[in-house]
Amino acid sequence: MNNDHKNRIKVLVTGSNGQLGRCIESSSYMYTNLEFVYKDSKELDITSTHKIDTLFRRNNFDYVINCAAYTNVEQAEKEPKKAFLVNAEGVRNLAKVCKKDNTILIHVSTDYVFDGEKKTPYTEEDVPNPINEYGKSKLAGEQHVQNILDNYFIIRTSWLYSQFGKNFYKMILKKSEIEKELTITTTEIGTPTNANDLANFILEIVAVRSTKYGLYHFSNEGQATWYDFAEEIIKLKWFKLFLFSFF
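Residues numbered from 1 in each chain as written. Predicted model: local features only at pLDDT ≥ 70, side-chain atom pairs only at ≥ 80, totals over all residues. Heavy atoms only, no water.

Trainee: Hey, could you run me through the packing of aromatic side chains in this one?
Mentor: Two aromatic rings are characterised by how far apart their centres lie and by the angle between their planes. For the coordinates displayed, the defined rule picks out 13 aromatic pairs. Taking 5.2 Å as the distance between ring centres and 55° as the angle between the ring planes, the aromatic pair formed by Phe153 and Tyr213 counts as tilted. Here Tyr213 lies in the loop between helix 8 (195-207) and strand 9 (214-217) and Phe153 lies in strand 5 (residues 152-157), a separation of 60 residues in the sequence. A residue is classified by how much of its surface remains accessible, and Tyr213, at 27% relative accessible area, is partly exposed. Measuring from ring centre to ring centre gives 4.6 Å for Phe168 and Trp226, while their planes differ by 50°; the resulting arrangement is tilted. Here the residue Phe168 occupies a position in helix 7 (residues 168-178), and Trp226 occupies one in helix 9 (residues 226-246), the gap between them amounting to 58 residues. (Phe/Tyr/Trp six-rings, centres within 6.5 Å; stacked < 30°, edge-to-face > 60°. Helix = DSSP H or I, 4+ residues; strand = E, 2+ residues; numbered from the N terminus. Buried < 20%, exposed > 50% of the residue type's maximum accessible area, 1.4 Å probe, protein only.)

Here it is in structure tokens:
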């Protein structure tokens, strides 16, 4: 084995079939010092301690990027036990094995840990107050990480979209093809965040072996309602069509 291979940082990406996992994979070619193992939810069920232990026995991971999550906000109200199983117990399983193997865990969380009542952007110092089962389950996962590990990164983000998976951006593009009018809420305000930007932020943490552990909020700049976001998506779509037709 050559020295370059020995010096490479070995990274496990869980939930690799989701949009963030796929964004990480699409950007991974830029990080030649990183060696990735991708596991989707079928290949690695984080609720199974046996499967996690088996994988870790066969590998010496330096980092785990946990993209595995139960993300259906509405459905979580009907099946909270399932949401907590993945978002809380599954995260605890990962934290425990990371503790045992001295592996650094990068755990992706959400703005849903807050109640949305604050009129200014939330900071890492704000006290969480989730108002639905999804938010409660994600907060419980965060707390497991903080209680078990010393060296960790918890990264809260919001309104993720990308070219991969199911997200608001792709949904609006699809609906605009078949519906003349779209009804979009103007009551919620947030920050749409490109999952590719979040992926690169996470990969930079790993590549430079950052030791600035702790809790972080990551989003793109600005704010919008879902209506604002949809309007910009449609504008961009027509602008691209115009360019293609022009040239």
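Trainee: I'm lost on the nonpolar core in this one. Help?
Mentor: Note that soluble globular proteins tend to have their nonpolar side chains buried in a common cluster. In terms of nonpolar packing, the biggest core is built from 27 residues, with Leu12, Ile46, Ile52, Phe56, Leu105, Val145 and Leu149 touching the most fellow members. Within the residue set of this core, elements represented by two or more residues are helix 3 (49-58), helix 4 (73-78), helix 5 (80-101), helix 6 (133-148) and strand 5. For this core, the element with the highest residue contribution is helix 5, accounting for seven residues. With residues up to four places along the chain from it excluded, the contact list for Leu12 reads Val37, Lys39, Leu44, Leu55, Phe56, Phe61, Tyr63, Val64 and Ile65. With 26 residues, the next largest nonpolar core counts Tyr63, Cys67, Ile106 and Ile205 among its residues. (Core = buried A, V, L, I, M, F, W, Y, C linked by side-chain atoms within 4.5 Å. Contact = heavy atoms within 4.5 Å.)

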